[in-house]
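A look at the structure
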Amino acid sequence: MDASSNPSAISALPPTPVTVMASRPIAKSRLSMPKLSPPSPSPSPARTEYHLISIIHSSKSAFQLKQVHGRVLRLRLPLTARLAAQLVSAACSPHLRAVPYALALFRHSPPSPPVFDALVRALASCSLFSAALSHFVLITRSGLRPSRLAFPFALKSAAALPSPRHAACLHAAAAKSGLDLDLFVRTSIVDMYVKLGLAECALMVFDDTPGWHKASSVLLWNVSINGCCLSGDLEVARRLFESMPVRSVASWNSLIQGYMRQGDAQSAVELFHQMTQKNVVSWTTMVAGFLRLDEYEQGLGFFEKMLDSGVQPNEFTISSALSACARMGALERGIRIHDFALKRGFRENGVIGTALVAMYSKCGKIELAAQVFDVMDRRDLLTWTSMILGWAIHGHWAKALRCFEEMKCECIEPDEAVFLAMLMACSHSGKVERGLQIFDSMRFEYKIEPTIKHYTCMVDLFGRAGRLNDAMSLMKAMPMEPDFVLWGAFFNACRANKNVELAEVAAEKLLNFRPKHQGTFIFLSNMYSGAGRWDDDAEKVRTVMKDSGIERLPGWSYIEVEGGGHRFVVGDRSHPRSKEIYGKLEELATRAKEQGYEPDTDWVLHNIEDEDKEESLGCHSEKLALALGLLSTPIGADIRIVKNRRVCGDCHLLMKFASKLCNKVIILRDIKRFHHFKDGRCSCGDYW
């Protein structure tokens, strides 16, 4: 960027209003102020200043810092620019955060570059980015020249706002003053453009950087590579990587993360194995990358290899591994990781605590999730959301509501995700009126505009209660057009209520969005079959599917027994114990029929004989997983199954019988919610 084209660029910036929350009255600290010995009879000025600076930074509270400042004034010691800058910096430190006091110090100190630099740096570190930029502008309007220490934090503030206009002016001002060639400032300019999503500008700055500068800054290369990865230009990122004079571990990590973000796991793995040195970030990048690609087994495999290599995980590695266990429903492995974390001194707080709450919730142990939640010292919004969502998917809407009210009592403001979890709780429990109250509260009390996800949840709420007309009215009154997911929720509601006419309307909309979406064809065909319209309509849909090359992706069920995971698809006979599994399933069906079980053949919507329908029902993947669980779990142990689709009505019915006949607690997680089967009943109350 040519600075000469904008000679007064930074001065032209409009001052941004500085808004700083007034600090609460600071109670007198019970801790005594660090003793300030009077200076020796004839101390040198440098020694006195050094002594004062050490006391300033040893202050444990804002009150102590003010005492130090007051003692300096009482002894009539000179308040130099350096001392004033240190007072400002200490006031905005993470453990004090006395921003109003820092601003008061600034206003009563003579203008000087050190004080300006300290204030801009302090405000940016406190995430007061508009205030930081305003005071940076004030530097130039006061006739002072910003230093190399102020520019990086001003650039950081422009990126965080985000404000491309301020970014361009700051770049021009740096070029005009000659500071754009400073190592720290140059890297900050590139990083600013990367964070603003302006990868082309970042590369232009990098390309214009002198060779001697590039050779001395690995960080500049890493920031540029990261920018290319974020923009999806992996070819340029790889070319920069290959051109680096010296590579750091961070260079490898950035490119690996770029490949993972683009879904190219193979290239990421190859690059990972080429690394001569791997740190905890390298391993965490692989674990989190596979988690993002839904390759949970591979992610956990890399986590275990990391432990075998002797590299100690950090809290982000552990939280990623726990998230993989949550997605898979791998409770036993999740418990082992939890035990490992405790033995290594990690506390059940922060990201680990939140990941544990989510893991136990999604693995069917909601009571353990609640225990972890209760012992956490610090619970942020994400933690509360995870707990509320856990209660919701397990069908405990009253506990979700109580948790929601407790969160508000803790002065934590609910956001979109919290309200979405509450609407899910109402939907799974059939609490339509309560759901409407929460929806209205979000809009009118908290001024949060509902997103398409909230409207989808409301349509699902109406649909599950059979109020299809209300669902359709809401869709027509929405301020945005319904998307594929929302029409899918309405279509499922029509299917559940066997309303073929409205289902046809929804199916037409779904096929407009995704003409080859196999789920829509399958559901529509099943509805026609259920309505006895196999010969005309259902067979026509199946023919369209076949001619269009659309195949139904198989559903699967996962169960963890004896320390290992097992996955089944419908009619699966690949398991080593397949003969035992089918034998156990036949035995269970026979015993259940003696107790009144009748296979619900309505869920096999094909024009076939009743005997064939029963045989088709008998090999559903969740039933195969159930049979293995009955064969392998000890007496008193729960059976946990994860299903990637909605459980069918016949499997749901058989599991109720199995829980009573075998005296087992069966916990099934399907794509929508949890089903807890015990003593012949399900926690959903047959409402799902």
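Above this note sits the structure.
Rules and cut-offs
Residues numbered from 1 in each chain as written. Predicted model: local features only at pLDDT ≥ 70, side-chain atom pairs only at ≥ 80, totals over all residues. Heavy atoms only, no water. Helix = DSSP H or I, 4+ residues; strand = E, 2+ residues; numbered from the N terminus. Buried < 20%, exposed > 50% of the residue type's maximum accessible area, 1.4 Å probe, protein only. Contact = heavy atoms within 4.5 Å. Areas by Shrake-Rupley, 256 points an atom, 1.4 Å probe, with all protein chains shown as cover. Axes fitted to C-alpha atoms, helices over the stretch in contact; angles between N-to-C directions. Parallel < 35°, antiparallel > 145°, perpendicular 65-115°, else oblique. Left-handed = near helix turned anticlockwise from the far one by under 90°. Nonpolar A, V, L, I, M, F, W, Y, C, P; charged D, E, K, R; others polar. Pairing = 2+ DSSP bridges. Right-handed = clockwise from strand over helix to strand, strands pointing away. Expected span 1.5 Å × (residues − 1). Core = buried A, V, L, I, M, F, W, Y, C linked by side-chain atoms within 4.5 Å.

**Let's talk about the overall build of the protein chain**
Helices and strands together make up the secondary structure of the protein chain, namely 35 helices and six strands. Residues classed as buried in the protein chain amount to 50% of the 688 residues present. Counting contacts in the protein chain only where the partners sit at least 6 residues apart, residues at least 24 apart contribute 65% of the total. Taken as a whole, the protein chain presents about 33500 Å² of accessible surface, with 53% of it coming from carbon and sulfur.

**As for the packing of helix α7 (residues 151-160) against helix α8 (residues 164-177)**
Where α7 contacts α8, the two axes come as close as 9 Å, and the packing angle between them is 160°. On the basis of their axis angle, the class for α7 and α8 is roughly antiparallel. Handedness of the α7/α8 crossing: left-handed. Here Phe151, Ala154, Leu155 and Ala158 of α7 come into contact with α8, specifically with His166, Ala167, Leu170, Ala173, Ala174 and Ser177. Its residues assigned to classes, the contact of α7 with α8 shows eight nonpolar, two polar and no charged.

**Observations regarding the pairing of strand β4 (residues 666-669)**
What you see with β4 is no split at all: Ile666 and Leu668 on one side and Ile667 and Arg669 on the other are buried throughout. One ladder, built from four bridges, connects strand β3 (residues 639-643) with β4; its direction is parallel. Looking across to β4, one finds that isoleucine 639 is bridged to isoleucine 666. The parallel pair β3 and β4, bridged by helix α35 (residues 649-661), forms a crossover whose chirality is right-handed. Here β4 runs beside strand β5 (residues 674-678); their pairing, made up of four bridges, is antiparallel. Within β5, the residue paired with isoleucine 667 across the bridge is histidine 676. The turn joining β4 and β5, which pair antiparallel and follow one another in sequence, is formed by four residues.

**Focus on the sheet that holds β3**
Sheet architecture is open: six strands sit in the order β2-β1-β3-β4-β5-β6, paired in mixed fashion. The open sheet terminates on both sides in strands that have one partner only, identified here as β2 (564-569) and β6 (681-682).

**Here we look at helix α14 (residues 249-261)**
Its 13 residues place the ends of α14 18 Å apart at the C-alpha level, agreeing with the 18 Å of an ideal helix rising 1.5 Å per residue. Here α14 has its buried residues at Ser251, Trp252, Asn253, Ser254, Leu255, Ile256, Gly258, Tyr259 and Met260. Where α14 is buried, its residues touch α12 (218-231), α13 (234-243), α15 (265-274) and α16 (280-292). Looking one or two residues past α14, glycine 263 carries a phi angle of roughly 85°, positive in sign.

**Here's the deal with the environment of phenylalanine 116**
Mapping phenylalanine 116 onto the fold places it in helix α5 (residues 113-125). Placed 19 residues apart in sequence, phenylalanine 116 and histidine 135 show a C-alpha to C-alpha distance of 7.4 Å. Sequence-distant contacts of phenylalanine 116, defined by excluding residues within four places in its chain, comprise Phe106, Pro111, His135, Leu138, Ile139, Ser142 and Leu144.

**What about the nonpolar core?**
Among the nonpolar cores identified, the biggest contains 169 residues, and Met359, Met387 and Phe490 are the most heavily contacted of them. Broken down by element, this core gets its largest block of residues, eight residues, from α5. Beyond its immediate stretch of four places on either side in the chain, methionine 359 contacts Leu322, Cys325, Ala326, Leu331, Gly334 and Ile335. Residues Leu626, Leu630, Cys651 and Cys682 belong to the second largest nonpolar core, which totals 30 residues.

Limitation: the analysis is restricted to geometry and does not speak to function.
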